[in-house]
Amino acid sequence: NAGVTQTPKFQVLKTGQSMTLQCAQDMNHNSMYWYRQDPGMGLRLIYYSASEGTTDKGEVPNGYNVSRLNKREFSLRLESAAPSQTSVYFCASSDTGSIMNTEAFFGQGTRLTVV
Amino acid sequence: AQKITQTQPGMFVQEKEAVTLDCTYDTSDPSYGLFWYKQPSSGEMIFLIYQGSYDQQNATEGRYSLNFQKARKSANLVISASQLGDSAMYFCAMRRPRGGYNKLIFGAGTRLAVHP
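Summarised in this report is the structure supplied together with it. (Residues numbered from 1 in each chain as written. Chains lettered and ligands numbered in written order. Predicted model: local features only at pLDDT ≥ 70, side-chain atom pairs only at ≥ 80, totals over all residues. Heavy atoms only, no water.)

It is worth spelling out the overall build of chain A at this point. Along its length, chain A carries zero helices and eleven strands. Starting at the N terminus and walking to the C terminus, you meet the elements of chain A as β-β-β-β-β-β-β-β-β-β-β. Since a compact globule built from 115 residues should have a radius of gyration of about 13 Å, the 13 Å found for chain A is in line with a globular shape. Overall size of chain A, expressed as C-alpha extent along the three principal axes, is 40 × 30 × 25 Å. Per-residue burial over chain A gives 50% buried out of 115 residues. Taking the intrachain contacts of chain A between residues at least 6 apart in sequence as the baseline, contacts between residues at least 24 apart amount to 55%. Of the roughly 5200 Å² of accessible surface on chain A, 48% is carried by carbon and sulfur atoms. (Helix = DSSP H or I, 4+ residues; strand = E, 2+ residues; numbered from the N terminus. Rg over C-alpha atoms; globule rule 2.2 N^0.38 Å. Buried < 20%, exposed > 50% of the residue type's maximum accessible area, 1.4 Å probe, protein only. Contact = heavy atoms within 4.5 Å. Areas by Shrake-Rupley, 256 points an atom, 1.4 Å probe, with all protein chains shown as cover.)

Counting residues at the interface gives 23 residues for chain B and 25 residues for chain A. Carbon and sulfur atoms make up 59% of the area that chain B and chain A hide from each other, which totals about 2000 Å². Linking chain B with chain A are four residue pairs in polar contact (both at pLDDT 80 or more). Counting residues per element, the side of chain B that touches chain A draws most heavily on strand E11 (residues 101–106) of chain B, at six residues. Residue composition of the side of chain B that touches chain A, grouped by class: 13 nonpolar, seven polar and three charged. (Buried area = accessible area lost by both parts, 1.4 Å probe. Polar contact = N/O pair within 3.5 Å; in protein donor to acceptor, adjacent residues only side chain to side chain. Nonpolar A, V, L, I, M, F, W, Y, C, P; charged D, E, K, R; others polar.)

Another aspect to go through is the environment of isoleucine 46 of chain B. Residues and elements named next belong to chain B. By the element assignment, isoleucine 46 lies in strand E6 (residues 46–52). Each C-alpha atom of the pair isoleucine 46 and tyrosine 90 lies 9.4 Å from the other, and the pair is 44 residues apart in sequence. Not counting residues up to four positions away in its chain, the partners in contact with isoleucine 46 are Trp36, Tyr37, Lys38 and Pro40.

The two faces of a sheet get side chains in turn, since along a regular strand they alternate between them. Residues and elements named next belong to chain B. The buried count for strand E5 (residues 33–39) comes to seven of seven residues, which makes it a mostly enclosed element. Burial of E5 is two-sided: the residues Gly33, Phe35, Tyr37 and Gln39 facing one way and the residues Leu34, Trp36 and Lys38 facing the other way are all buried. Two elements, E5 and E6, share six bridges in a ladder whose sense is antiparallel. Note that in E6 the partner of leucine 34 across the bridge is glutamine 51. The turn linking E5 back onto E6 is made up of six residues, and glycine 43 within it adopts a positive phi angle of 100°. (Pairing = 2+ DSSP bridges.)

What follows is the structure, encoded as structure tokens:
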């Protein structure tokens with residue numbers, strides 16, 4: 001049981017380059033999330049998706065786009081990377097609706113450095 | 001707007017002692033869920049414990065318990081009999097229904113160091 005799989009695990013980009021972070025889950029969850037983790041700031045929500053075809057902005061969406069390709073996959077795209085986007089990115093998934101007590105499951109993270 | 005506050009950037013505890021990690025939250029929704037996650041140095045996020053806003057009793061999971069004080073909007077994590085392996089970052093998080101789905105927001109975290 002793979003859970004939540006993120007690729008790549010590490011990436012170095014030059015300022016202005018673009019890239020897509022991939023995320024897939026095999027738990028049949030409806031909700032998926034993208035977070036960034038910076039020292040002293042915890043995990044901040046970038047975008048989330050309630051179901052296939054729907055996405056919504058989180059706390060820090062600027063500079064990012066997302067795509068919920070199907071129920072399994074939720075990708076995060078940086079169109080023009082900036083040094084401020086250097087961070088560790090986590091994808092997560094969970095059940096939704098009236099189910100409150102189901103925890104979110106996280107991928108292993110992607111360490112992104114923009115130089 | 002909902003918000004999670006963890007006021008202790010770092011804590012330390014002696015092995016085998018208990019420690020309390022603080023978490024306060026702010027929401028106007030009557031229905032919400034509170035979670036604690038552990039992040040060891042390897043980086044993965046590990047779910048520890050959950051407390052629902054309507055739960056009558058404080059949640060417990062093994063050595064972890066949640067001191068839930070709804071009127072004060074606090075959900076402190078208590079770790080009993082600390083072990084060296086408990087050294088990690090700990091995050092408090094809140095979920096509330098909004099528009100039919102659940103948005104999960106995290107606090108800044110507390111780094112716990114367990115000393116032998």
